[in-house]
Each structure stands twice: as structure tokens, then as C-alpha cells.
Amino acid sequence: MVGKKRCFVSVRALRRLNENLLCEVLKKFPGYLHECGLKLPDPPDRETLDYEAIQEACMSGDIPPDLDDVLFFVSILGNKRGQAQIEKEAGHRGRRLDFRLDGLSYPDFAMRAWLHDWPANRNLLEAAYARTRIFGKCAYTHNPMIRDVRSLFQEPTPERMAEARAALEDYFANREGLGRGTNILLYDLSPSLFFLVRYPGQIERHQAVDEDGNPCSHVFRPEEYDAIIYHKEHGDLRLNTNRERDHRIYRITFGHLLFGQANVFDPNENTVRLDPLLGRCGDLFNCQDIDGLAEIHPVEVVFTDTAHPCCRMTMTADKDLTLLSYCPGPVLPPTAQEVLSAKFIYRLSNRAKWERITVHRGQSLCYERDGNCAPIENWLRRRGFVTNPIERKPR
């Protein structure tokens, strides 16, 4: 069996952990300890604790998935930023981490949070890690509804989430041959529902050196994450996936989850258009009606031109300037025929830093930071760059 990549692969790394918390975590898996013949001292003693045996058990291919998970997330979140992520996620979930921090390192804090109020926080570490992965996603493909069935929307209950997870587990494990371990995490950021799908990636083999200086090979399946977002008001499904081949199963699975039917979202309808940039368009960039957006300006546009029918033209602003710096009215020449893509710089009201977004005609948007997407998407929709086909079709 091939496991996921873990970071506690040495005795030295294990010795950095609080021995009491480490033993308390391991004791949650008594069957596995018995199977490995691993006996833990009571009370835990750093001098008599068999770190070599623990290390061997942690790297075993038969390690229980839940133990594999907690070790993985403790290692990933075992730093100052990770602790802040855990505390923030606990706040979102209404969980109090009201334990003392005396003598706890950052990895110790992650273990303590996982153990606190057991078993209520068993999924807390993964949720904290996953939330950062959601906002690390930046490029989304829009899939609008085939017909307007927004009135049939059903909130995702734990039972329906379990059915969706089982469907994706069957797909990744049996149809794609990637192994088991699929999970779905839900974040309700109204009016959008954010789903993060975790699944095993393809096998990777890394050459390494063990503690004795001998060459060895680590074979593992890295975790992969895809983000799926459903917008309750507009009724579209946005997909950010590592593999385009998975789009179909996501449309079917989340159609079933949210509406009880598979054929809900259209993979072919183009919802992103750039026609508003043709002609006089200076008023598009007035942001007074967009909450959270201070400024937005075009800096590059790719288009076709009737004066040069065989060429693709690109207009790019000089550094520290925008295309509106040259002409506050029309951005493009009057002979511009079709806009293919555009890049904008923008600044949110609560930030001084400028960010970028790239918009391609068709179905995709690419943000530098997905955490900025709500005010930008609002601007794109209000200015006609992102359209909603179901609002033009009879129900």
C-alpha cells in the first residue's frame, strides 16, 4: 500500500514532540499499536519511549488513515502560521480551544487541538489546512445551469455529503486507480458554498538518504485538492481542478448533491465575454457601486482588428501606467473587432497592495488571490463581463 507523504520520518523529528501528547495521539489507535507490538510507557517517559518503533509504525504502509492524517497535518501546521490557521478555523466552527499553552511548541499545539474535546475536533486540522488551499486557488472555469432549477436547491446535509464523498471515492479509487482517501470539506461563505475535494494523486518516487547515510526510496501518493464553488444567487458551478478530465464527475456529483439530479450544469456555455471593452468604456472602471473594491484598471488587452484581419493585436500599458492613462474613454481603436483576453490591476478597499486578474473570453477567470474574488466577481457581473445564461432563458 502506498501512503501519502509524511514529514515525521525520522526519530529526530519525533523527539521534538511533547511525549505526553504524542502518546495520547497514538493511544487513540489501540488496535494498530497492538498489531505493531508497540507498548507505550505509562506515564510517558522521553528516556524509555521507543522512538525507533514509533517511527517504523508511522512509516508503515498499513498505518490507519486517521493516524496518517493527524501526523501529516501536525507536521504541515506545526509553525506560527499553522497555529493561527487552526485557531481561526476553530473560531469559524464555534469551537473553543481553551487549553493552556504552557510548554507547547507549534506542532504540540496542533496535536493538542486535535485531542481537545475528543472527538469533536478530529477534522479540525484538515479543515484548517484545506481553507488555506481554497483561497490559494486562483483559476476557475464557470459552468452555468442548463436551465433554471435554482428553486430546487437542497442544502448539503451530512448524509448527502457522505453520498457525494462515496461517489467520488469510487471514481478516484476504482475508475481512475488512484487509491482510497477521498474527502469533501464544506465551507458556507454565503452566498457561495465552497467545497474542497481531497483525493490521492499519482504515485511519486523520491530518492532520499536515511539516518545512517544509506540511499533509500520513498514511494507515496501526494494529496491533491480541487475546489468547487456553487453560487446560490447566480446558480453557476465554478471548478478549479488539477485535471480537466475530472470536470464531468464533479458536475454530476454536485448536481446530485445540490439538486438531486445529474444534468444541471452546462460544460459548453461561454459565460465570460469581453465585448464591454469595445467602444467607450471609461465608466466601467468607476467602482463606487462595488463594495470592497477601491480601484480597477486595464493594463493589457488582446484583440482582433478589422484593419489587420490576419493578426492578433496586443495593447500593453507601460510600467506604473494603465491603458486608461493614454485615453480615458475608449481603450481600443475603433477598428477593434473582438476582444480575446484582458488583464486588469485592482486594489481592494482594505488593502494597499495591487493585485491582478486575467480574463479570457469563454469560461475561465484567473485571480492572483482567490480570497479577493467576491468583489471582483461582483464588478465583472455588473459590468457585463460575466453573464448568466439562465436569466436569458425561460424557466
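One can find the structure itself at the top, above this paragraph.
Description of the structure in this document. Quick caveat, the model's predicted, so the values are computed rather than measured.

A short note on the pattern of salt bridges
Next, step 1: Inspection of the entire model under this criterion finds 22 salt bridges.
Next, step 2: Residue glutamate 126 is joined to arginine 198 by a salt bridge in which the shortest nitrogen-to-oxygen separation is 3.0 Å. Taken together, the residues span a long stretch of sequence, with glutamate 126 in helix 8 (residues 124–136) and arginine 198 in strand 3 (residues 192–200) at a distance of 72 residues.
Next, step 3: Since its relative accessible area comes to 7%, glutamate 126 is described here as buried.
Next, step 4: A residue is classified by how much of its surface remains accessible, and arginine 198, at 8% relative accessible area, is buried.
Next, step 5: When salt bridges with common partners are traced through the structure, they connect Glu176, Arg243, Arg245 and Asp246 into a single cluster.

Looking at helix 9 (residues 158–175)
Next, step 1: With 18 residues, helix 9 ought to run about 26 Å at 1.5 Å a step, and its terminal C-alpha atoms sit 25 Å apart, in line with that.
Next, step 2: All of the buried residues in helix 9 are Met161, Ala164, Leu168, Glu169, Tyr171, Phe172 and Ala173.
Next, step 3: Here the buried face of helix 9 lies against strand 2 (183–189), strand 3 and helix 10 (247–259).
Next, step 4: In the segment just after helix 9, glycine 177 is the residue with positive phi, at about 70°.

Some words on the nonpolar core
Next, step 1: Leu40, Ile54, Leu67, Val70, Ile86, Leu97 and Leu125 are the most contacted members of the largest nonpolar core, which has 50 residues in total.
Next, step 2: When near neighbours in sequence (up to four residues on either side) are disregarded, isoleucine 86 contacts Leu77, Leu97, Phe109, Ala110, Ala113, Leu124, Leu125 and Ala128.

Thresholds, definitions, all that
- Residues numbered from 1 in each chain as written.
- Predicted model: local features only at pLDDT ≥ 70, side-chain atom pairs only at ≥ 80, totals over all residues.
- Heavy atoms only, no water.
- Salt bridge = Lys/Arg side-chain N within 4 Å of Asp/Glu carboxyl O.
- Helix = DSSP H or I, 4+ residues; strand = E, 2+ residues; numbered from the N terminus.
- Buried < 20%, exposed > 50% of the residue type's maximum accessible area, 1.4 Å probe, protein only.
- Expected span 1.5 Å × (residues − 1).
- Contact = heavy atoms within 4.5 Å.
- Core = buried A, V, L, I, M, F, W, Y, C linked by side-chain atoms within 4.5 Å.

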